[in-house]
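Okay, here's what each chain looks like letter by letter:
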Amino acid sequence: MEPMNKIRVLPEIVANKIAAGEIVERPASVVKELVENALDARCRSIHISVASGGKRLIQVRDDGEGMNEDDAILAFEHHATSKLQTAEDLNAIATLGFRGEALASIASVSRLNLKTRCADPADISGTEIEIQGGILRSVKPVSWDKGTEISVRDLFFNTPARRKFLRSHNTELGHITRLATHYALANPGIRFTLASDGRVLLDAVAVTDVKERIYQVFGELFLKNMVELSGQSGAVKIAGFSSYPYEQRTNPYSQFFYVNGRMIRDKVISSAVRQAYRNSMPSSAYPIVILFLELPFDEVDVNAHPAKTEIRFRDANTVHGLVQRTIERALTASAGVPSFLHRAAPQPLAGLEAFTKDSMVREGGYAAEERSLDFRPHTLQAALGQNPLSYPFGEADGSQGKDPNHSSLNVVPEMLFRASGDTKNKFQFEDLRILGQLRDSYIIACDRDGLLIIDQHVAHERILYEKLAAAMQSGAVETQGLVVPLTLELAPHQVARLEKLMPEFNKNGFQVELFGSSSILVRSVPAIAGEADCRRLISEILDGLDMENRTLDVETIKDRIAIRTACQAAIKVNTPLTPEKMQWLLDELSRTRIPTNCPHGRPIILRFSMHEIERNFGRS
Ligand code: ADP
Ligand code: MG
């Protein structure tokens, strides 16, 4: 009798479809692979065009080096690549692609057409190839310019289960738009266009640096809210932009990380960013950051993820430290003061949040969108911002700096590195003169550059916060005993947190004991809090923490304590202040690290600049 083996080697075509599942998750993954290939082929322009959110058609055309007929056929074999030769090459990858899997995978789950031609004079014509569901249908000569165009139709037509999982046209289009934007940002020297169902969503001509590209893509207001930064630690370099603390987002979609030109998702970097803003933003908010890191190729392992969007650093500590320090330094050096006009104007990046899924077009029709799709930066932002889902795959991007063969490429990070922190915005206190107090709440002052309004409450809050944080750091928080110890009933959700919180309370100026199973006894509070309502203070500390869904680490708890205590203890609005007291407040404020923003990121100072004053009086 025949033995009944249960294990079988899958036919190649089935195996390929399975492999495709890892690389091709959705239309945007196809765009990603094709754009990466175009960048690896050292093109000067990339034109992306999609229909029905990429479900019906994804077409990417480049003017790169192209392929001859033999290579064009080989390109669709599994593990067929021109980018790697030996196993050692894997240790220092300089190109975006390296596995030789993408084209084979894409071709196995779509109807694909390729047109390509290389510069080789021996090639008298281009090559056109048709593949359907992984089966080669035709290869023929075609009249074609140098470069490559790949059209991918009916993605997942032969894998209905996957097709079913695709989202609405607009969701898929949002992913594609985000991806194209990411690549465009990192490759300012390359022209990028993106059209969807015939409408142009992005058309960024080649420019000389990242700053100009950001301007093209996001507009002038975006840049106004960003601080330029750069730094270096050993062989690791960083450059980029991060937002002033008053620019806050509720999700991390406005954080762009690139390592050697590759767009990635990374916990080390995002944690460093969070740390850098810890003192100037609530931990539930996200700043906007665009960061380019450059490392020797053998310091990162890019072969750690099927879609190549996660990497491993050999020395994560160095990277973490550098990112955090560089952002902190840039923020401190250029602590900006927002102007009235700026604050009064519609919030700059409102597009990213305002155009939520609901306000965007519904599946099938573009009516609602039509009005706004006149392609100004906010249009693109709308397309980007419509996707509060998951960050799909961190989208890699182009440009590979270090490979000498690729030196003709417009290498972005290098361009950024010469930029130093822009400090002209740094707020100076020296020539400040106090004019008076408005409504017992705001200090009115002037300096060389114009008129200033200082919010007395948040100013004091910043001062107390930094003092308390410093005292906590050195374990020397002054405490003050309560004449009558206070008993505090806790809500059940507060009790649950207490175990972790008690030691931190007691190390940082409070003296708190459990009292029964659901209440605590407060014997002393930080001296800074003085007569503040400590029932409310403790309650707010507990509640705030409970609402945050991040892992509750000691730093977060400490920070929460410092922020709430400072807020409670700070001079309130509607409190008359003597000129001496106002002067004292501003002197103290000038000694803080970030005098321009309260720990929640709200502005402390607003400015009406001479320029704005004169313009409004019609003098300029
Ligand atoms: P990988 O990028 O990992 O090498 P791909 O399957 O994406 O694998 O591509 C296979 C090969 O096809 C590449 O190594 C490259 O030589 C060639 N190729 C793909 N796309 C292009 C293009 N747009 N221009 C020139 N050559 C290309
Ligand atoms: Mg590739």
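The structure presented is a predicted model; accordingly, all values stated were derived computationally and were not measured. (Residues numbered from 1 in each chain as written. Chains lettered and ligands numbered in written order. Predicted model: local features only at pLDDT ≥ 70, side-chain atom pairs only at ≥ 80, totals over all residues. Heavy atoms only, no water.)

Section: the overall build of the chain
Okay, so step 1: Looking only at helices and strands, one finds 21 helices and 22 strands in the chain.
Okay, so step 2: Put simply, the chain has 620 residues, and 55% of those count as buried.
Okay, so step 3: For the chain, long-range pairs separated by at least 24 residues make up 73% of all intrachain contacts whose partners lie at least 6 apart in sequence.
Okay, so step 4: When the accessible surface of the chain is summed, it comes to about 27500 Å², and 52% of that surface belongs to carbon and sulfur atoms. (Helix = DSSP H or I, 4+ residues; strand = E, 2+ residues; numbered from the N terminus. Buried < 20%, exposed > 50% of the residue type's maximum accessible area, 1.4 Å probe, protein only. Contact = heavy atoms within 4.5 Å. Areas by Shrake-Rupley, 256 points an atom, 1.4 Å probe, with all protein chains shown as cover.)

Remarks on the pattern of salt bridges
Okay, so step 1: By the definition in use, this model includes 24 salt bridges.
Okay, so step 2: Lysine 308 serves as the salt-bridge partner of glutamate 36, at 2.9 Å between the closest nitrogen and oxygen. Placement of glutamate 36 in helix H2 (residues 27–40) and of lysine 308 in the loop between strand E14 (300–301) and strand E15 (312–313) is noted, with a sequence separation of 272 residues between them. Taken as a pair, glutamate 36 and lysine 308 share a single burial class, namely buried.
Okay, so step 3: Salt bridges sharing partners connect three or more residues here, namely Lys32, Glu33, Glu36 and Lys308. (Salt bridge = Lys/Arg side-chain N within 4 Å of Asp/Glu carboxyl O.)

Observations concerning the sheet that holds strand E8 (residues 199–204)
Okay, so step 1: What the eight strands build is an open sheet, ordered E5-E4-E3-E6-E2-E1-E7-E8; its pairing is mixed. Each edge of the sheet is formed by a strand with only one pairing partner; in this case those strands are strand E5 (135–142) and E8. Geometrically, the sheet is characterised by an average inter-axis angle of 10° between neighbouring strands, direction not taken into account.
Okay, so step 2: The pairing of strand E2 (residues 57–62) with strand E6 (residues 147–153) spans six bridges and is antiparallel. Looking at E6, one finds that valine 60 is bridged to isoleucine 150. (Pairing = 2+ DSSP bridges. Axes fitted to C-alpha atoms, helices over the stretch in contact; angles between N-to-C directions.)

Things to note about helix H1 (residues 12–23)
Okay, so step 1: An ideal rise of 1.5 Å per residue puts 16 Å on twelve residues; H1 measures up with 17 Å between its terminal C-alpha atoms.
Okay, so step 2: Within H1, the full set of buried residues consists of Asn16, Ala20 and Ile23. Seen along its axis, H1 keeps its buried residues to an arc of 60°; they face one direction. In this structure, H1 carries Ile18 and Glu22 as exposed residues pointing more than 90 degrees from its buried face.
Okay, so step 3: Here the buried face of H1 lies against H2 and helix H4 (102–108). (Expected span 1.5 Å × (residues − 1). Arc of directions from axis to C-beta.)

Describing the side chain of threonine 193
Okay, so step 1: Topologically, threonine 193 is positioned in strand E7 (residues 191–196).
Okay, so step 2: A distance of 2.7 Å separates the side chain of threonine 193 from the side chain of histidine 47, its partner in a polar contact.
Okay, so step 3: Excluding residues within four positions of it along the chain, threonine 193 makes contact with Ile46, His47, Ile48, Leu202 and Asp203. (Polar contact = N/O pair within 3.5 Å; in protein donor to acceptor, adjacent residues only side chain to side chain.)

So, unusual backbone geometry
Okay, so step 1: Phi at aspartate 197 takes a positive value of approximately 45°, unusual for a residue other than glycine.
Okay, so step 2: Its place among the elements puts aspartate 197 in the loop between E7 and E8.

Quick look at the site of ligand 1
Okay, so step 1: Asn37, Thr81, Ser82, Lys83 and Gly100 are the nearest of the 18 residues found near ligand 1.
Okay, so step 2: Here an oxygen atom of ligand 1 sits 2.9 Å away from a polar atom, N or O, in the main chain of phenylalanine 98.
Okay, so step 3: Contact between ligand 1 and leucine 103: an oxygen atom at 2.9 Å from a main-chain N or O atom of the residue.
Okay, so step 4: Taken by itself ligand 1 offers 530 Å² of open surface, and the protein chains cover 94% of this.
Okay, so step 5: Within the shell around ligand 1, the residues separate by chemical class into seven nonpolar, seven polar and four charged. (Near = heavy atom within 4 Å. Nonpolar A, V, L, I, M, F, W, Y, C, P; charged D, E, K, R; others polar.)

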